[in-house]
Amino acid sequence: SPNLRLLPLGSEGWVQLVNKKPELRNSSIPYRVVLTLPALFDDIGVISAPHLNYHRCKKNTALNSNNITFIEAKFVPLDNR
């Protein structure tokens, strides 16, 4: 998808992750910090949150690789998403 975005995980991203991997609720990382962790999103939702060891797998895509390279990352205030 050309609509890849690098954003803070946020509460919506966190809900997606714990719905797929409930054991993440046992993370030693405080919730307030979890919300700020970088995550890669596409139009479906969270693709990867590496600090939480979460990677959504899709067969036969480059996103199965841990070698995702960002050419450019743009950081914007959260209220501009």
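Quick caveat: nothing in here was measured; it's all calculated off a predicted structure.

Draft legend 1. Representation of the sheet that holds strand β4 (residues 54-55) within the structure. Read from one edge of the open sheet, 4 strands run β1-β2-β3-β4, paired in antiparallel fashion. Strand pairing shows two members of the sheet lacking a second neighbour, β1 (5-8) and β4, which therefore form its edges. Pairing of strand β2 (residues 38-41) with strand β3 (residues 46-49), which is carried by 2 bridges, proceeds in the antiparallel orientation. Considered in β3, the bridge of Phe41 is made with Val46. Each of β1, β2, β3 and β4 is contacted by helix α1 (residues 10-20), which is oriented at about 90° to β3, the strand it contacts most.

Draft legend 2. Broad picture of the pattern of salt bridges. The full count for this structure, using the stated rule, is 2 salt bridges. For Asp42, the salt bridge identified is with Arg56, shortest N-O distance 2.4 Å. Of the two residues, Asp42 is situated in the loop between β2 and β3 and Arg56 in the segment after β4; the sequence distance between them amounts to 14 residues. Arg56 carries the same exposure label as Asp42, and that label is buried.

What counts, and at which threshold
The written sequence of each chain sets the order in which its residues are numbered from 1. The predicted origin of the model limits local features to residues at a pLDDT of at least 70 and limits the giving and counting of side-chain atom pairs to 80 or more, whereas totals for whole chains, interfaces and linings rest on all residues. Side-chain figures throughout are based on the complete set of non-hydrogen atoms in the structure, without hydrogens or water. In short, DSSP must find at least two bridges between two strands for them to pair. For the purposes of this entry, the term helix denotes a DSSP run of H or I that reaches at least four residues, the term strand denotes a run of E that reaches at least two, and both are numbered from the N terminus. The contact definition used throughout considers only heavy atoms, calling two residues in contact when any of these lie within 4.5 Å. To obtain an axis, a line is fitted to C-alpha atoms, over the contacting stretch when the element is a helix, and the angle between two such axes runs from 0 to 180 degrees between their N-to-C directions. Salt bridges are defined by distance alone: a side-chain nitrogen of Lys or Arg within 4 Å of a carboxyl oxygen of Asp or Glu. Residue exposure (1.4 Å probe, protein chains only): buried if accessible area is under 20% of the type maximum, exposed if over 50%, otherwise partly exposed.

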